[in-house]
Amino acid sequence: MMACLVLCWYCLYSVMATLYTTAVADIKLKYNTKEQQPIKSVITILKNEAAVAGQFTEEQLRQISFHFLDPTKLDAAQRYFSVEEWTGVVEFVQVLDRDDPDMCRQSETCVITLDIAINPAKWFTIIHLEISVIDKNDNAPVFPQEKITISVTESVSPGVLFPVVPASDPDSPSNGIVEYDLIAPESFHLEQKWSDDGSVDLHLALSSGLDREQTDRYTLIVVAKDGGTPSKSGSVVIDLIVNDENDNSPEFEKSIYTVQIWENRDPEGPLLTVRAQDKDYGDNGLVFYSFSKLSSAQFGSLFTIGRESGEIRLVSGLDYEERNFISLTVIARDQGIGSQPAYATVQISVLDQNDHEPSIKLETSDPGTNSIISLKEHSPPDTFVVHVSVRDLDAGDAGKVDCIIDDELHFHLQKLYEKEYNIITVTDIDHEITKEYHLRLECYDYGEPSLTATVTVPVLVTDINDHGPIFEESHYVVTVDENSGRHASVIRVVAHDSDSGENGRIVYMLDEDADDEFDIDPSTGLITSVMNLDHEKMPFFQFHVTALDNGENRKSATTLVSITIGNVDDEPPMFEQKKYIFSIAEGLPARSEVDRVKATDKDGTPYDKFTYFLNDSQSELSMFEIDPKTGIIVTKMPLDRETREVYHLMVVAQSERIPRRSDTAQVDIHVTDINDNQPMIIFPKYGNETILLSNAVPSGYVVTTIEADDPDFGDNAELSYSISQGNENGDFTIKRDTGDIMVNKPLVDYDNVLFKLIIMVQDGGPSKKISVQTLNILVSARNFTAGTSGATLGRNLTTSPSYIPIIIGVVAGCVLIALILIIVIVMMKRRRQKRSPRECNQFWAEKEIAEKGKEADIPLAVTTGVDNKLTLADLTFNVRSDLLKQPQLMSKDDSDSGCADVSHTESQGSNDDPDGFPPRLLLDGSIGTFSHSPPQRMDSFSSWLHSENYNLNQKGNMYRVSELSEEHPEGSPSSTLLNARKTVRFSEPRRPPAMDAGYTNQPSLLQPPPDFSNVAGYYGTYPDDIYDDLRKSTTHDDSDGSILMIPGRLPVMKFKPEDGSLV
């Protein structure tokens, strides 16, 4: 971009120079500088040079500027320099390496020519800078190889020569290689033959005979030194191996072969053949040829050499302009043992042919116009049109060019210097006569045969701006209704200009007296409203519009616009906020106020009346309502955060008049949490509470992690863990926040010791709730994986001979426990005969409530009463399963009461529930015997309860069965029979209390899988042998997978997935 701008200025000023002044003579300056100068190093300040200052006055010196004549010139040297525009400071922008292949490698002199133009055009002058770059000795000699291996026979004669490929140094000849030294024993010396062109024929010579039996290997170092100060050097290591036999090496007919070839030669036929003779016989005299590694890497794509013939062929075309000299190193080696290579140099000179036609480049004063050259009409003679640069890559006469144009009546080709021209005008150019010229520019070289290049130069004659815009009307008047909307069209103003092109293109704009309510299209003159126009705010507008053309000397015209705003009823009610965020605590009674939304209507009476209403789904409307006048939102029923945390309402404020206008606002109601759920311990649980631990684990070892959950939110669900009992000696510790149980001190003194840790989990709510569970850790000296579960424990004990006594003890204990259970069952049956189920239920209710003071969980068992009536019997009170983790034995007073603790005794021997209990329902009232037969299907359970004078009520996800009485009408839970809560926990198949005798298998109670949306509650399955008997004795229909209510069997509770109601 910078280069284009410089060219533009150059061309523009050149035109002006030809118009008003005579060109100033070119200036030539010469300077010396060293290579590798740092960036910003100054070569010269052109404005201070006497040759420059002497040609200009002080006033002119303040106005002139400096630029490279051709910023885009493809010159490798120009990229290293920059010229400051106003001071003419020429400085380095890159570090210049004289020894670069594109610069002056191995040349004694290095001169860089820079052409700098002085602007403006009326003082246009070209300064030719010749910068001589002085070489620094910054390169050391380098050999083609770091190490050369030479094998010789011990019979080799003194005086034999081993060619060594000379080193190379890219510095100038004065700093190039001047001598070679040899670091070697007296048996060797170095022979050097220097030619006039500075090349050297280098050989390692044998001074005396070799004896392999005394020395079989020599390490020699050839050092090359250059002529710089201080001198630099490079070396190559020659590893000389002395072998027997094959005492002759190949010898080239010439050490240097020279050949000349024309560029662009077809790669056909041999270029030349190198030959080397070996006096040995057989393989020792069989010579193979190859290029050196360096030559292969550099020129392997251009040349090949016959392995046996030594014939060198050209495989790719050569270009003189890219490379005019090539040096190849050829190696000849015989095939005998200890072959000594011979080296020859092939020097190839590439001859130039006239194969490049001239390349023409046009440079206008405005680089943004690309190939379009514009010329204003009526420009005076000698006006600059375009600058022409010609380039020919050929050398000699083939690179010299000359140019001509075909229209010398109107234009002239002015030669500036070699290969640089300006096309200028000769006569006055009139746009009305000719709008465009197409000049034919032809450039030719002086080669044999001559090559020619031709381009067409299009010159566009542009118009000048001599007309101004004129409006069709001097005053525009219009009336527009308010509320026409944003960007509504108001009126269009039109002006005309007789000029063409940009001179005739009109741009419209609003004057400063125009309001912000309007905008105008600059191209079409269409005036539009920026915002919705409001008669109440501003009923009338008046302003001016200006039309401008786009000519150089812009001309303009102005007109007046008057706009009247008509009045309509247009204001809707508007909420103060588009979104409201309210919160309310869960559990508050119906008609509790949430908060208030507010809207206003800017219209005056009677257009400012409106009402509020909710526009939302049925589920939202069933929970909330809004006062249509005040905007106060209240609840219709108590809210439960665990059921739903956030409600999203859409509130509408709507005008009372037609057409109705309205506004909406979103209301998000967040239900805040209260601590109404206890922590639920997932692990350990009944049947999975024992860990087998090696006493060899170190302190800090993590034994296991307590897993618990709490459906509450925030601090109410923030759980903390502790060990309340069983860790009196501090052998274990528990992380309060994670539940990780770790070994606190070494356990090596324990063997077969069972730790019964009482784990307590507490939430962080203000009224803290606690759950407890037992974790058994058996510490043993056995070498097993620490932290083995209880299931693994039994397997390990039975497979180890050291535990045979323990196994015998366990078996004996099981037999004893079985006998005790039989005795307890017999006693329970006898005591049941003494007390009715209602009396036992009343006894246990009073006892448990007195001891615990809490609502109780009830295991639900079913027995067959008299006349096949369904009786809910043995309903005893227990503390809820998530609080009572340890089975409790009956006291002596309890055993005398006549009511056995069914739930406790069954819990000790049952694996039905993760907490150690069968599935249970909540009960806080007494139960009598139902007088009617139970239903055959669970879907009639509700109507059946009603016939028994009970009612089924729903509150959130809680289902309660209550007695119906005169004091408490239907729907009032005076005496609750049972509560059922949805559950999403999943456990292994669970077994209910024992069924009738005669069945070897028992029904399995299952909790649903953890998919709350599909299934909830408890459901049951029966083993095949029970199910077959039931099919024979019971009327049923299980085609749809429904669960039957079997008389005399365990009732099974199930919830409908779609609405959560009890089946």
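In what follows, the accompanying structure is described. This one's a predicted model, so the numbers in the text were calculated from it and none came from an experiment.

On to the packing of aromatic side chains. Scanning all chains against the criterion turns up 17 aromatic pairs. With a centroid separation of 5.6 Å and an interplanar angle of 40°, the aromatic rings of Phe518 and Phe543 are classed as tilted. Of the two residues, Phe518 is situated in strand S37 (residues 518–520) and Phe543 in strand S39 (residues 540–549); the sequence distance between them amounts to 25 residues. The residues Phe518 and Phe543 share a single accessibility class, namely buried. Judged by centre distance (6.2 Å) and plane angle (50°), the ring pair of Phe575 and Tyr612 falls under tilted.

This next bit is on unusual backbone geometry. Omega for the peptide link from Thr229 to Pro230 comes to -5°, which places this bond in the cis form. With respect to the helices and strands, Pro230 occurs in the loop between strand S13 (217–226) and strand S14 (233–243). The phi dihedral of His487 is positive, around 65°, even though this residue is not glycine. Along the chain, His487 falls in the loop between strand S33 (475–481) and strand S34 (489–492). On the basis of relative accessible area, His487 is assigned to the exposed category, the value being 55%. Located in the positive-phi region is Arg591, a residue other than glycine, with phi close to 70°. Classification of Arg591 as exposed rests on a relative accessible area of 55%.

On to a nonpolar patch on the surface, then. On the surface, a nonpolar cluster with roughly 440 Å² of combined accessible area is contributed by Val811, Val815, Leu819, Ile822 and Val826. With respect to the element layout, Leu819 can be found in helix H7 (residues 804–834).

Adjacent strands of a sheet form backbone hydrogen bonds with each other and so pair up, either parallel or antiparallel. Strands sit in the order S9-S12-S11 across an open sheet of three strands; the sheet is antiparallel. Each edge of the open sheet is held by one strand with a lone partner, namely strand S9 (161–163) and strand S11 (188–194). Sheet twist, expressed as the average angle between the axes of neighbouring strands with direction ignored, equals 30°. Two elements, S9 and strand S12 (residues 200–206), share three bridges in a ladder whose sense is antiparallel. Considered in S12, the bridge of Pro163 is made with His203.

Cut-offs applied
Residues numbered from 1 in each chain as written. Predicted model: local features only at pLDDT ≥ 70, side-chain atom pairs only at ≥ 80, totals over all residues. Heavy atoms only, no water. Phe/Tyr/Trp six-rings, centres within 6.5 Å; stacked < 30°, edge-to-face > 60°. Helix = DSSP H or I, 4+ residues; strand = E, 2+ residues; numbered from the N terminus. Buried < 20%, exposed > 50% of the residue type's maximum accessible area, 1.4 Å probe, protein only. Patch = residues over 30% accessible without salt bridge, like charges linked within 9 Å, V, L, I, M, F, W, Y side chains within 5 Å. Areas by Shrake-Rupley, 256 points an atom, 1.4 Å probe, with all protein chains shown as cover. Salt bridge = Lys/Arg side-chain N within 4 Å of Asp/Glu carboxyl O. Pairing = 2+ DSSP bridges. Axes fitted to C-alpha atoms, helices over the stretch in contact; angles between N-to-C directions.

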